[in-house]
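The residues making up each chain are set out below.
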Amino acid sequence: MNPTLQVIEGRRSVRAYSGQPITYEEKDLILQAAFRAPTAGNMMLYSIVEVEDQALKDRLAETCDHQPFIAKAPYLLLFLADFQRWFDFFTSSGVERRSRELNLPYRTPQAGDLLLACCDALIAAQTAVIAAESLGIGSCYIGDILEQYEIHRDLFNLPAYTLPISLVCFGRPAAAGPQANRTPRFAREFIVHKNSYRRFNPEEMETMFKHLRERFEAQRKAPGGVSPEAENVGQAVFFRKFVSDFSLEMSRSVREMLKNWE
Ligand SMILES: Cc1cc2nc3c(=O)[nH]c(=O)nc-3n(C[C@H](O)[C@H](O)[C@H](O)COP(=O)(O)O)c2cc1C
């Protein structure tokens, strides 16, 4: 396996960090790698906020569904889907007036622009993650940054056409403590389709979710049990994740973001 594939294969989310800080040179390499990520139309429809202030980290540890390890990460990067920079440029370039004069179409950023900006931001984020990994620096995405939009908007002074799409914690893995096992993935045949998409029947789903079902059964038998309300692993995930408080809050928060964008 070549060194790039080794880095990709070896990566896992890291949530416990050694006290060792990330150096200026390492931050520079991580950011430089992010900048080299592909970007739609070479527009770089994202911005990155380096979060270094401890009070801000402490606040994020609370607002992102109470995850204390966020406050302990030596380096945090907030990836914003950002159409504001370009739209400000369009505006200061007099596009509205010129469109009117020439009877040409004029519009503000819309849903397609938002999704493109999200693609850009996430590709840059993942490039930063892999660059960090190659330097021995672990990372963990925080999807809960999509919650509490109003608080995050005010904390980071976000204008309408910016959206906090992902927060990533960086830090060297803690020397001591249990090493997480590699997390399982669905078998390739359930993820990769040939030429067109295909939905799976219940028998195939039995096979697809086998690893989750086995873990659920084991946890259920363990002292204290888990998910007493669930009859099976599908129900357990539905109740624990899909209709959980954090998931409902995420949906509410994203509705607010979209209102703002549109
Ligand atoms: C979009 C996204 C959001 C995530 N949000 C969180 C999070 O809020 N907290 C957390 O501990 N891990 C989070 N993770 C990490 C996943 O739990 C992790 O990637 C997954 O369990 C697979 O494990 P691995 O990364 O070690 O392979 C997130 C990952 C992604 C891609």
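For the structure itself, consult the block above.
Counting restarts for each chain: residues are numbered from 1 in the order of the written sequence. Two thresholds apply to this predicted model, a pLDDT of at least 70 for residue-level local features and 80 or more for giving and counting side-chain atom pairs, whereas whole-chain, interface and lining totals are computed over all residues. Side-chain measures here rest on the full set of heavy atoms in the structure, leaving out hydrogens and waters.

Visitor: Looking at this model, I keep getting lost on the pattern of salt bridges. Mind explaining?
Guide: When a carboxyl oxygen of Asp or Glu lies within 4 Å of a side-chain nitrogen of Lys or Arg, that pair is called a salt bridge. Scanning the entire structure with this criterion turns up 14 salt bridges. Lysine 27 is the partner of glutamate 52 in a salt bridge, and the nearest nitrogen-oxygen pair spans 2.9 Å. One end of the pair, glutamate 52, is in the loop between strand E1 (46–51) and helix H3 (54–63); the other, lysine 27, is in helix H2 (residues 24–35), and 25 residues separate them in sequence. Throughout this description, buried means an accessible area under 20% of the type-specific maximum (1.4 Å probe, protein chains only), exposed means over 50%, and partly exposed covers the range between. For glutamate 52, a relative accessible area of 45% corresponds to the partly exposed category. Relative accessible area serves as the criterion here: at 17%, lysine 27 is assigned to the buried category. In this structure, glutamate 256 engages lysine 259 in a salt bridge whose closest nitrogen and oxygen atoms are separated by 2.6 Å. Of the two residues, glutamate 256 and lysine 259 both sit in helix H12 (residues 245–261), three residues apart, roughly one turn of that helix. Classification of lysine 259 by relative accessible area gives exposed; the value is 59%. Under the scheme used here, helices are H or I runs from DSSP no shorter than 4 residues and strands are E runs no shorter than 2 residues, and both carry numbers assigned from the N terminus.

Visitor: I would appreciate a short explanation of unusual backbone geometry in the present structure.
Guide: Most peptide bonds are trans, and most residues other than glycine sit at a negative phi. Of note in this structure, methionine 44 is not a glycine but carries a positive phi near 50°. Mapped onto the fold, methionine 44 is located in the loop between H2 and E1. Within the chain, histidine 66 stands out as a residue other than glycine whose phi angle is a positive 55°. For histidine 66, the position within the fold is in the loop between H3 and helix H4 (69–72). Relative accessible area serves as the criterion here: at 55%, histidine 66 is assigned to the exposed category.

Visitor: Is there a simple way to think about the pairing of strand E3 (residues 138–142) in this case?
Guide: Within a regular beta strand, the side chains point alternately toward one face of the sheet and then the other, so they alternate between its two faces. Of all the five residues making up E3, four are buried; the element is thus mostly covered by neighbouring parts of the structure. Two strands pair when backbone bridges link them, and E3 and strand E4 (residues 162–171) are joined in this way by five bridges, in the antiparallel orientation. In the sheet register, cysteine 140 faces E4, and the bridge partner there is cysteine 169. In this analysis, strands are considered paired if DSSP registers two or more bridges between them.

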